[in-house]
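# Tertiary structure, described
Chain by chain, the residues:
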Amino acid sequence: MPSRIRAAWTVAAVPALATALLAAAPLTAPATAAGPDWSARPAAGGAGGPGADDRPYFYLEGGPGSALRDRLSVVNHGKRPRTVQLRAADAASDGAWIALAAKRVTVPARTRADVPFTLTVPPETPPGDHPGAIVVSGGGHEVRVPVYLRVGGRTLAALSVEDMKVVKADGGAAIHYALVNRGNTVLTPRLAVRADGLLGEVLRRDARTLPVRLAPGRRVRLTEKWPGAPALDSVDVTLTVTAAGGAHAAASADYTAVPRGVVAGAAAVGLGAAGGGSAWLLRRRRGRHRRPGVPGTGPTDGGADGGAEGGAPVEPARETREPAGTASGART
């Protein structure tokens, strides 16, 4: 990894470097060229010093208020001049931290152009990782060269697992969830999965590295496929996520799997029971009808049946009054 940089180089110095913008050096074209006829990458021998020829990204480190510098190489492998556009992008300020010496460069055939730039860290910047990129586009092709900034100070590695749910999918189930970086350093999370059913463990996946780099404050939605999930079971699924620096988070969700045949059978049984109850109620209501002309067959004022079942009249209840001044149950 390139060594640390603590250069005190201000943005005002960028225009002065414009004269050195096209530090052209003849190149030997590759025997076979796949894709576009140009490429962009960190300049050889830049922030990494002599011999840093194969840097996959820029890595700069400094404190709040510092200004860091490096160079981007645009290589034209073709036989004609190539014009490309350059712009900076970062998560915090849409590229405002990075100042390029030029935003449009024309590179002669089979030539490399080195474009200087500065990255100025605002004084109020919190410690931790602050990723960005330099975007180069031309000829219908676009290349993003990552820029990783590490601001000195105490770092915090923290993340959370949110919005977890398990749903039925083709041939099994799918576990949907979101990861959120709650700290101030870039995280590469590792995921472990476990599921326990009514009869014990039904799924166990040891921790593996996810193909995700989470910048501070970034939220990403992911899906874990689960082919062969139980067709009939009540399962508790747990996700455990870890990352370097002591970051740790876990979340659980319930999943109940019921085959369609079981659901259809239960529905049929329920409908049958409901239908049987309705028929019984209908028969009972029909049994309460009285024949015309038979005393006690009409309804009472309250809307209930006026007689006992079978048409027999109901004898009205007799009211019994106790003589005044005697105890209840005693007669004079």
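Below you will find a few notes about this structure. (Residues numbered from 1 in each chain as written. Predicted model: local features only at pLDDT ≥ 70, side-chain atom pairs only at ≥ 80, totals over all residues. Heavy atoms only, no water.)

## Brief notes about the overall build of the protein chain
Along its length, the protein chain carries one helix and 16 strands. Of all 332 residues assigned to the protein chain, the portion counted as buried reaches 36%. Contacts spanning at least 24 positions in sequence make up 64% of the contacts within the protein chain whose residues lie at least 6 apart. (Helix = DSSP H or I, 4+ residues; strand = E, 2+ residues; numbered from the N terminus. Buried < 20%, exposed > 50% of the residue type's maximum accessible area, 1.4 Å probe, protein only. Contact = heavy atoms within 4.5 Å.)

## Notes on the pairing of strand E16 (residues 247-257)
On E16, burial follows the alternation: Ala247, Ala249, Ala251, Ala253, Tyr255 and Ala257 on one face are buried, whereas His248, Ala250, Ser252, Asp254 and Thr256 on the facing-out side are not. Where strand E15 (residues 233-243) meets E16, eleven bridges bridge the pair, whose relative direction is antiparallel. Across the sheet, the residue bridging to Leu239 is Ala251, located in E16. Linking E15 to E16, which pair antiparallel, is a turn of three residues; within it Gly245 sits at a positive phi near 90 degrees. (Pairing = 2+ DSSP bridges.)

## Regarding the sheet that holds strand E11 (residues 172-181)
Hydrogen bonds between backbone groups are what pair the strands of a sheet, and the pairing can be parallel or antiparallel. Spatially, three strands are ordered E10-E11-E14 in an open sheet, and the strand pairing comes out antiparallel. Every other strand in the sheet has two partners, leaving strand E10 (159-169) and strand E14 (219-227) as the edge strands with one partner each. With direction set aside, neighbouring strand axes in the sheet form an average angle of 20 degrees. Both E10 and E11 contribute to a ladder of nine bridges, which runs antiparallel. When the sheet's bridge partners are listed, Glu162 is paired in E11 with Ala178. (Axes fitted to C-alpha atoms, helices over the stretch in contact; angles between N-to-C directions.)

## Section: the nonpolar core
Counting residues in hydrophobic clusters, the biggest one holds 32 residues, and the most contacted among them are Met164, Val166, Tyr177, Leu179, Trp226 and Val237. Among the secondary structure elements, those contributing two or more residues to this core are E10, E11, strand E12 (190-197), E14, E15 and E16. It is E16 that provides the largest number of residues to this core, a total of six residues. In this structure, Val237 is in contact with Met164, Val166, Ile175, Val193, Arg194, Ala195, Trp226, Ala251, Ser252 and Ala253, ignoring residues within four places of it in sequence. One finds Trp97, Val105, Val115 and Val145 within the second-largest nonpolar core, a separate group that totals 29 residues. (Core = buried A, V, L, I, M, F, W, Y, C linked by side-chain atoms within 4.5 Å.)

## A few points about the pairing of strand E3 (residues 67-76)
The buried count for E3 comes to eight of ten residues, which makes it a mostly enclosed element. Both strand E1 (residues 38-42) and E3 contribute to a ladder of five bridges, which runs antiparallel. Following the sheet pairing, Trp38 is matched in E3 by Asn76. As defined by bridge partners, E3 adjoins strand E7 (residues 111-120) across ten bridges and the pair is classed as antiparallel. The partner of Asn76 across the bridge, within E7, is Thr111.

## A word on the side chain of Asp70
Along the chain, the position of Asp70 falls in strand E3. For Asp70, a relative accessible area of 5% corresponds to the buried category.

## Remarks on the packing of aromatic side chains
By the definition in use, this model includes three aromatic pairs. Between Phe58 and Phe117 the ring centres are 5.0 Å apart and the planes differ by 80 degrees, which places this aromatic pair in the edge-to-face class. Residue Phe58 is located in strand E2 (residues 58-62), and its partner Phe117 is located in strand E7; the two are separated by 59 residues in the primary sequence. For the pair formed by Phe58 and Phe117, the shared burial category is buried. Plain terms: the ring middles of Trp226 and Tyr255 are 6.3 Å apart, the flat faces sit at 55 degrees to each other, and that makes the pair tilted. Of this pair, Trp226 sits in strand E14 while Tyr255 sits in strand E16; the two residues are 29 residues apart in sequence, bridging distant segments of the chain. Just as Trp226 is buried, Tyr255 falls in that class too. (Phe/Tyr/Trp six-rings, centres within 6.5 Å; stacked < 30°, edge-to-face > 60°.)

## A closer look at the environment of Pro216
Position of Pro216 among the secondary structure elements: in the loop between strand E13 (200-209) and E14. Sequence-wise, Pro216 and Asn181 are 35 residues apart; in three dimensions their C-alpha atoms are separated by 5.3 Å. Ignoring any residue separated from it by four or fewer positions in sequence, one finds Pro216 in contact with Asp129, Pro131, Asn181, Gly183, Asn184, Thr185 and Val186.

## Some thoughts on the pattern of salt bridges
Per the stated rule, a full pass over the model turns up 14 salt bridges. We note a salt bridge from Asp70 to Arg55, for which the minimum N-O separation is 3.0 Å. A residue pair is termed long-range when its members are at least 10 positions apart, and Asp70 in strand E3 and Arg55 in the loop between E1 and E2 qualify at 15 residues. Arg55 gets classed as buried once you look at its relative accessible area, which sits at 8%. Notably, a salt bridge pairs Arg205 with Glu224, separated by 2.7 Å at the nearest N-O pair. With Arg205 in strand E13 and Glu224 in strand E14, the pair connects residues that are 19 residues apart, well separated along the chain. In this structure Arg205 comes out as partly exposed when scored by relative accessible area, which is 24%. Where salt bridges share partners, they join Glu162, Asp163, Arg182, Arg219 and Arg221 into one cluster. (Salt bridge = Lys/Arg side-chain N within 4 Å of Asp/Glu carboxyl O.)

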